[in-house]
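Tertiary structure, described
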Amino acid sequence: MPKPSVLVAEELSPAGLALLEGDFEVRHTNGADRSQLLPALADADALIVRSATQVDAEALAAAPKLKVVARAGVGLDNVDVDASTKAGVLVVNAPTSNIISAAEQAINLLLACARNTAPAHNALVNGEWKRSKYTGVELYDKTVGIVGLGRIGALVAQRLSAFGTRIISYDPFVQPARAAQIGVEMVSLDNLLRRSDFITIHLPKNKDTVGLIGDDALAKVKPSVRVINAARGGILDEDALYRALKDGRVAGAGIDVWAKEPCTDSPLFEFENVVVAPHLGASTHEAQEKAGTQVARSVKLALSGEFVPDAVNVQGGAVAEDIKPGLPLTEKLGRIFTALAGGVASRIDVEVRGEIATHDVKVLELAALKGVFGDVVEEAVTFVNAPLLAKERGVEVNLVTSEDSGDWRNLITVRGVLPDGQKVSVSGTLSGPRHAEKLVEINGYSMEIPLSEHMAFFSYEDRPGIVGTVGALLGEARINIAGMQVSRDEEGGKALITLTVDSAIPDTTLGAISTEIRSETTRQVDLD
């Protein structure tokens, strides 16, 4: 029997290659060159890439034998996960390979910024001895604000504690009690901006975080603050930072990531008090070694048909055929739950009712957590690390099963309690032979509406004219309504509008609707 073929499309660490070469035929190609990549994929059982190889529908179509795509790193921007899933191809990455290196790079930039290391170096090598000009500041007894307390943010907090700093953090998806265990005080973003002597960013990049630290945020900081971004480009608005530095409203910055990369020319380069780097967060020998060995182990497991811990798109083990259609539905319910909750729950119950409850449905609990955390943490959320993410944030998780499902053949509910006692629930079901995904309950309101890429929810006091107002405002914004349902607890009581629309609703339009109908809750979620 010929050995399975592993195609390595970019540089992989020697240790990673060594793990593969005994059991597989290892071949190499230039993944950035499509004329080389596509023919080489014809008989590949596994593909290993870094960031330069685009794994899209065309590449997948050229690889009829492909079973697994492995990204030797954390990000998956260059891998079409949805297309891979449709093609039955497992996608894995190395989610923890660079977290220490990234945390250390943030500390490195923070220290360099505090002590003016870069301009002092440049002056000295140019023959200038300028001790007084480059006087810096100590970290001791300073307040450091960490924006995002995920894995990397927590590592940064642990390292900063050795400097005798006060550490505060903004992250609506971390429980204060959990943060207190590592000596971190959870605060609002405004509080963090006002109090911090240093601010370091460790958030995922999404529609809610792009530009989060912009003009408004930088208008609230101390003029002595120094801002570090070693997370993702664009979360810190570079133009806003330039204006703040120019006006003397920010004392310095350390930037490793850029809105557009590669970045070789920026207005920020004119400032001596800005330390810059070309996205070196993961550029250590150790991180590269870990990435190579992690994906090599995942490839070996996948080609052996065994459980793959770092699988991103499907569970690494066997799943009953009756359960598989419920995985994407449950993940979407988790995403809607997070959008409705607007923060972390102290407890989440995943309820599975009906015929599917006769199977092992543990994977549905994992799918729900994958959805709950997918849009709010920096790293890729998998079926394996989702429970760890919940534990790290102090979230109690329970799986409830029952063969009794009321009016539905099968019913899946994600139900949770927020730290203030507020309860949130969202339920869905699969309908018909094509397993159409339907939303059937939100916070006790009954409905039956197909899930859509773009959904919005408005709760308000029931009264005439609201539906017309919502429709008119969406019409003015050129947003087409695909479906709408109005649910209410009683005539003249509380009501909920659930909308599916053809495109995302602009924030200004959401705000206008909320104001006009005096909505108690306005939420939008994109499920694409």
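Residues numbered from 1 in each chain as written. Predicted model: local features only at pLDDT ≥ 70, side-chain atom pairs only at ≥ 80, totals over all residues. Heavy atoms only, no water.

**A look at the overall build of the protein**
Heads up, the condition is: Here a helix means four or more residues in a row that DSSP labels H or I, a strand means two or more in a row labelled E, and each is numbered from the N terminus. What the globule rule says is 2.2 Å times the number of residues to the power 0.38, and the radius of gyration is computed from C-alpha atoms. By definition in these notes, contact holds between two residues if any of their heavy atoms fall within 4.5 Å. Note on areas: Shrake-Rupley with a 1.4 Å probe; residue coverage comes only from the protein chains shown. In summary, the charge assignment counts Lys and Arg as positive and Asp and Glu as negative, without counting His or the chain termini. Note that the charge is assigned to NZ on lysines, CZ on arginines, CG on aspartates and CD on glutamates.
Helix and strand counts for the protein stand at 17 helices and 22 strands. For the protein, the C-alpha radius of gyration of 25 Å lies close to 24 Å, the compact-globule estimate for 528 residues. Projecting the C-alpha coordinates of the protein onto the three principal axes gives extents of approximately 80 × 70 × 45 Å. When contacts within the protein are restricted to residue pairs at least 6 apart in sequence, those whose partners lie at least 24 apart make up 63%. Taken as a whole, the protein presents about 23600 Å² of accessible surface, with 49% of it coming from carbon and sulfur. Side chains of the protein carry 52 positive and 70 negative charges; the gap between the two charge centres is 4 Å.

**A closer look at the packing of aromatic side chains**
For clarity, the threshold we go by: Pairing of aromatic side chains requires ring centres within 6.5 Å, counting the rings of Phe and Tyr and the six-membered ring of Trp. Pairs whose planes differ by under 30 degrees are stacked, by over 60 edge-to-face, and all others tilted. Working definition: with a 1.4 Å probe on protein chains only, accessible area under 20% of the residue-type maximum means buried, over 50% means exposed, and in between means partly exposed.
Applying the stated criterion across every chain, the model contains 2 aromatic pairs. Seen from their ring centres, Tyr242 and Phe271 are 5.3 Å apart, and the 55 degrees between their planes marks the pair as tilted. Of this pair, Tyr242 sits in helix 11 (residues 238-246) while Phe271 sits in the loop between strand 11 (252-255) and strand 12 (274-276), placing them 29 residues apart in sequence. Note on Phe271: relative accessible area 13%, which makes it buried. Where Trp258 meets Phe269, the ring centres are 5.7 Å apart and the plane angle is 85 degrees; that geometry is what we call edge-to-face. Pair noted here: Trp258 is in the loop between strand 11 and strand 12 and Phe269 is in the loop between strand 11 and strand 12, with a separation of 11 residues, a long-range link. A residue is classified by how much of its surface remains accessible, and Trp258, at 5% relative accessible area, is buried. With a relative accessible area of 36%, Phe269 lands in the partly exposed category.

**A short note on empty space enclosed by the protein**
The condition that has to hold: Here a cavity is any set of points on a 1 Å grid over the protein atoms alone where a 1.4 Å probe fits but cannot get out, and a pocket is any open set with protein on both sides within 12 Å along at least 5 of 7 lines; a residue lines the site when it has an atom within 4 Å of a point. Grid points are joined across faces, edges and corners, and a volume is the space filled by probe spheres set on the points. Under the convention adopted here, Pro, Cys and the residues Ala, Val, Leu, Ile, Met, Phe, Trp and Tyr are nonpolar, Asp, Glu, Lys and Arg are charged, and Gly plus all remaining residues are polar.
Scanning the entire structure with this criterion turns up 2 cavities of 30 Å³ or more. For the largest cavity, the calculated volume is near 50 Å³. Phe173, Phe337, Thr338, Ala341, Gly343, Val344, Ala345, Ile348, Val372, Phe373 and Val395 are the residues that line the largest cavity. If you tally residues by element for the lining of the largest cavity, the top one is helix 13 (residues 326-341), at 3 residues. Each residue belonging to the lining of the largest cavity can be placed in one class, and the counts come to 9 nonpolar, 2 polar and no charged. By volume, the second largest cavity amounts to about 30 Å³. In this structure, the second largest cavity is lined by 11 residues; those nearest its centre are Gly150, Asp171, Val376, Val377 and Glu378. Considering only residue class, the lining of the second largest cavity consists of 4 nonpolar, 3 polar and 4 charged.

**Things to note about helix 13**
Worth spelling out the cut-off: Expected span of a helix: the number of residues minus one, times 1.5 Å.
The end-to-end C-alpha separation of helix 13 is 22 Å, in line with the 22 Å expected for 16 residues at 1.5 Å each. For helix 13, the buried fraction is high: 13 of the 16 residues fall into the buried class. Following helix 13 by one or two positions, Gly342 has its phi on the positive side, about 70 degrees.

**Re the packing of helix 5 (residues 99-114) against helix 7 (residues 151-161)**
The condition is simple: Note on method: axes are straight lines fitted to C-alpha atoms, helices fitted across the in-contact stretch only, with angles between N-to-C directions ranging 0 to 180 degrees. The labels follow the angle: roughly parallel below 35 degrees, roughly antiparallel above 145, roughly perpendicular from 65 to 115, and oblique for the rest. Left-handed describes a crossing whose near helix is turned anticlockwise from the far helix through less than a right angle; right-handed describes the clockwise counterpart.
Contact geometry of helix 5 with helix 7 gives a least axis separation of 9 Å together with a crossing angle of 50 degrees. In terms of axis orientation, helix 5 runs oblique to helix 7. For the element pair helix 5 and helix 7, the recorded crossing hand is right-handed. Only Ile152, Leu155, Val156, Arg159 and Leu160 of helix 7 make contact with helix 5, whose side of the interface consists of Ile99, Ile100, Ala102, Ala103, Glu104, Ala106, Ile107 and Leu110. Tallied by class, residues from the contact of helix 5 with helix 7 come to 11 nonpolar, no polar and 2 charged.

**Focus: the nonpolar core**
Inside soluble globular proteins, nonpolar side chains tend to come together where they are buried. Selection rule: Side-chain atoms within 4.5 Å are what join buried Ala, Val, Leu, Ile, Met, Phe, Trp, Tyr and Cys residues into a set we call a nonpolar core.
Among the nonpolar cores identified, the biggest contains 49 residues, and Ile336, Phe337, Ile348, Phe373, Leu439, Met455 and Phe457 are the most heavily contacted of them. Residues contacting Ile336, with those up to four places away along its chain left out, are Val426, Leu439, Leu451, Met455, Phe457, Val525 and Leu527. By size, the runner-up hydrophobic cluster in this structure holds 29 residues, among which are Leu193, Val221, Leu241 and Trp258.

**As for the sheet that holds strand 5 (residues 90-92)**
For clarity, the threshold we go by: At least two DSSP bridges between two strands are required for those strands to pair.
Across the sheet, 5 strands lie side by side as 2-1-3-4-5; this open sheet has parallel pairing. Each end of this open sheet is capped by a strand with a single partner; those strands are strand 2 (25-28) and strand 5. Averaged over all adjacent pairs, the angle separating strand axes in this sheet is 20 degrees, with direction ignored. Bridging between strand 1 (residues 5-8) and strand 3 (residues 46-49) involves 3 bridges; their strand directions are parallel.

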